[in-house]
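The residues making up each chain are set out below.
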Amino acid sequence: MARRRQEDVIGEWGIRDVTPPSQAERSALRDEAELNPLTGRPLKRRIRRFRPEPDRYLASLGGPLPFMRRLRQIDDEVEAQTNRLAHAYAERTDGASWRRLAERWDFGEVNELIERHNRWYPVEARLPMDPRTRDYVKIAGRSYRREPLDGQWILRRFPA
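Bear in mind the structure is a predicted one, so any value in this text is a computation, not a measurement.

Draft legend 1. Geometry of the overall build of the protein. Broken down by element type, the protein carries 7 helices and 2 strands. When the helices and strands of the protein are listed from N to C terminus, the series reads α-α-α-α-α-α-β-β-α. Looking at the protein residue by residue over its 160 residues, the buried ones come to 19%. In the protein, 69% of the contacts between residues at least 6 apart in sequence involve partners at least 24 apart. Accessible area for the protein stands at about 13,900 Å²; split by element, carbon and sulfur atoms hold 52% of it.

Here is the structure:
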């Protein structure tokens, strides 16, 4: 086996001579720089509003966190219930029977998931506390809590 030089193995050769392809690339970049309105001006500084923490990094290696999986289950279950209700709504005969059906509809599984979400989400997602309200902060201006589904939810979506 031929012995190779350290520069060939590690790539410590410094700046190489200009080749025709690299010269063409440099000139193309130089021409495009005149079209860019940001050329020569400093970019705005982006403020990072988070701290990278080791426990978050390690948790991310395990896939979605429990609250993420639970939220996905809730969304999937609500979609399935909505589809079932849409089929039942298409087959309805009158408003009174639809109201009775809405009152008797079973949301047991999804409401249990919503209850677990409301109980554990702030802890699992590490929501900060708002000292003025003594409650967890709102997410995008809304509470993290989800309302349980019931007959009124059905009648709002599918009026009698």
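Draft legend 2. Seen up close, the nonpolar core. The biggest cluster of nonpolar side chains holds 15 residues, and the ones touching the most others in it are L85, F107, V110, L149, W153 and I154. Those elements that provide at least two residues to this core are α4 (66-90), α5 (95-104), α6 (108-124) and α7 (151-157). No other element matches the 4 residues that α4 contributes to this core. If we skip the residues at most four places from it in the chain, F107 touches Q81, L85, L149, D150, W153 and I154.

Draft legend 3. Quick peek at the pattern of salt bridges. Taken as a whole and assessed by the stated rule, the structure comprises 7 salt bridges. We note a salt bridge from R146 to D75, for which the minimum N-O separation is 3.0 Å. Of this pair, R146 sits in the loop between β2 (135-136) and α7 while D75 sits in helix α4, placing them 71 residues apart in sequence. Overall, R146 belongs to the partly exposed group, its relative accessible area being 29%. Exposure remark for D75: the relative accessible area of 39% places this residue in the partly exposed category. The partner of D130 in a salt bridge is R132, and the shortest N-O contact between them spans 3.9 Å. Classification of D130 as buried rests on a relative accessible area of 19%. Relative accessible area serves as the criterion here: at 77%, R132 is assigned to the exposed category.

Draft legend 4. Spatial organisation of the layout of surface pockets. Of the voids in this model, the largest pocket is the one considered here, and its volume is about 220 Å³. Among the residues making up the lining of the largest pocket, the classes are represented as 5 nonpolar, 2 polar and 3 charged.

Draft legend 5. Seen up close, the side chain of H117. Summarising the element assignment, H117 is placed in helix α6. Given the relative accessible area of 2%, H117 is considered buried. A polar atom in the side chain of H117 sits 3.0 Å from the backbone oxygen of Y144. Contact partners of H117, with chain neighbours within four places excluded, come to R70, L71, I74, P122, Y144 and R146.

Calculation rules
Residues numbered from 1 in each chain as written. Predicted model: local features only at pLDDT ≥ 70, side-chain atom pairs only at ≥ 80, totals over all residues. Heavy atoms only, no water. Helix = DSSP H or I, 4+ residues; strand = E, 2+ residues; numbered from the N terminus. Buried < 20%, exposed > 50% of the residue type's maximum accessible area, 1.4 Å probe, protein only. Contact = heavy atoms within 4.5 Å. Areas by Shrake-Rupley, 256 points an atom, 1.4 Å probe, with all protein chains shown as cover. Core = buried A, V, L, I, M, F, W, Y, C linked by side-chain atoms within 4.5 Å. Salt bridge = Lys/Arg side-chain N within 4 Å of Asp/Glu carboxyl O. 1 Å grid on protein atoms, 1.4 Å probe; cavity = no way out; pocket = protein on both sides within 12 Å on 5 of 7 lines; lining within 4 Å. Points joined across faces, edges and corners; volume = space filled by probe spheres on them. Nonpolar A, V, L, I, M, F, W, Y, C, P; charged D, E, K, R; others polar. Polar contact = N/O pair within 3.5 Å; in protein donor to acceptor, adjacent residues only side chain to side chain.

Read these as layout, nothing more, since geometry by itself doesn't imply function.
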